[in-house]
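Here are the chains, one letter per residue:
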Amino acid sequence: MNNLENKEIVKRFNEEVIEKGNYDAFLELMDKDFINRTAPPNANGADGMWNTFDTILRPAFPDLKVHIYDQLAEDDKVVTRKAITGTHTGKLLGIEPTGQEIKIDVIDIVRLKNGKYFEHWGINTLQTVLSTLQK
């Protein structure tokens, strides 16, 4: 795959999986040996990534949107600078709904193998958002 194709795969994941919750697309885009290098050891596989979006973020922010600002691709890796936004209308990690608009800034690095997510590294501002919601 070339750099443009790799960027399109990552865009598709962000739109169909994170934003829309399309489990079929998730299964199609994940390598069976996927590992999330920045997740806790008990949640670093594909199931852990799905759980983050499907049982933590989307229920708390039903209007969740992904805004991609930049993407850089080289060889088998794609770096994406993005934000996840939404309205806190559902419970989030024990925090009752506040009705606040949130923005989680994210930088992801995804390594693709045969057009599928194979490895992931990321940093985000979720902890900052949580501290804001708890005030």
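Just above sits the structure.
First, a word on what this report is: a plain description of the structure on this page. This one's a predicted model, so the numbers in the text were calculated from it and none came from an experiment.

**Describing the pairing of strand β4 (residues 101–113)**
Where a strand is regular, its side chains alternate between the two sheet faces. Judged by which residues are buried, β4 turns out to be one-sided: Ile-102, Ile-104, Val-106, Asp-108, Val-110 and Leu-112 face inward and are buried, whereas Glu-101, Lys-103, Asp-105, Ile-107, Ile-109, Arg-111 and Lys-113, on the alternate face, are not. Both strand β3 (residues 77–87) and β4 contribute to a ladder of eleven bridges, which runs antiparallel. Note on β4: the bridge partner recorded for Thr-85 is Lys-103. Alignment of β4 against strand β5 (residues 116–124), held across eight bridges, turns out to be antiparallel. The residue of β5 that forms the bridge with Ile-109 is Trp-121. In this antiparallel pair of consecutive strands, β4 and β5, the connection spans two residues, and Asn-114 shows a positive phi of 55°.

**Here's the deal with the layout of surface pockets**
Space inside the largest pocket adds up to approximately 700 Å³. Residue lining of the largest pocket: 32 residues in total, with Asn-36, Thr-52, Phe-53, His-120 and Asn-124 positioned closest to the centre. If you list the elements that add at least two residues to the lining of the largest pocket, you get α1 (3–19), α3 (46–60), β3, β4, β5 and α4 (126–133). Tallying contributions element by element places α3 first for the lining of the largest pocket, with seven residues.

**Quick word on the packing of α1 against α3**
In contact at an axis separation of 10 Å, α1 and α3 are set at 55° when each is read in the N-to-C sense. The pairing of α1 with α3 is recorded here as oblique in orientation. Taking contact as the criterion, the partners of Phe-13, Val-17, Ile-18 and Glu-19 in α1 are, on α3, Met-49, Trp-50, Phe-53 and Arg-58. A class-by-class count of the residues in the contact of α1 with α3 yields six nonpolar, no polar and two charged.

**Points about the pairing of strand β2 (residues 65–74)**
Where β2 meets β3, nine bridges bridge the pair, whose relative direction is antiparallel. By the bridge assignment for β3, Lys-65 is matched with Thr-85. Between the antiparallel neighbours β2 and β3 lie two residues, among them Asp-75 with a positive phi of about 55°.

**Structural notes on α3**
Compared with the 21 Å implied by 1.5 Å per residue over 15 residues, the 21 Å span of α3 between its first and last C-alpha is a close match. The axis of α3 is deflected most strongly, by about 25°, at Thr-52. Where α3 is concerned, the buried positions are Gly-48, Met-49, Trp-50, Phe-53, Leu-57, Arg-58 and Ala-60. Contacts made by the buried residues of α3 are with α1, α2 (23–29), β1 (30–36), β3, β4 and β5.

**Regarding the sheet that holds β1**
An order of β1-β5-β4-β3-β2 is seen for the five strands of this open sheet, with the pairing classed as mixed. The two strands at the open ends of the sheet, each matched to only one other strand, are β1 and β2. Within this sheet the neighbouring strands show an average axis-to-axis angle of 25°, counted without direction. This element, α3, spans β1, β3, β4 and β5 of the sheet and lies at about 75° to β1.

Cut-offs used in this document
Residues numbered from 1 in each chain as written. Predicted model: local features only at pLDDT ≥ 70, side-chain atom pairs only at ≥ 80, totals over all residues. Heavy atoms only, no water. Buried < 20%, exposed > 50% of the residue type's maximum accessible area, 1.4 Å probe, protein only. Helix = DSSP H or I, 4+ residues; strand = E, 2+ residues; numbered from the N terminus. Pairing = 2+ DSSP bridges. 1 Å grid on protein atoms, 1.4 Å probe; cavity = no way out; pocket = protein on both sides within 12 Å on 5 of 7 lines; lining within 4 Å. Points joined across faces, edges and corners; volume = space filled by probe spheres on them. Axes fitted to C-alpha atoms, helices over the stretch in contact; angles between N-to-C directions. Parallel < 35°, antiparallel > 145°, perpendicular 65-115°, else oblique. Contact = heavy atoms within 4.5 Å. Nonpolar A, V, L, I, M, F, W, Y, C, P; charged D, E, K, R; others polar. Expected span 1.5 Å × (residues − 1). Bend = angle between axes of the 7 residues up to and from the residue.

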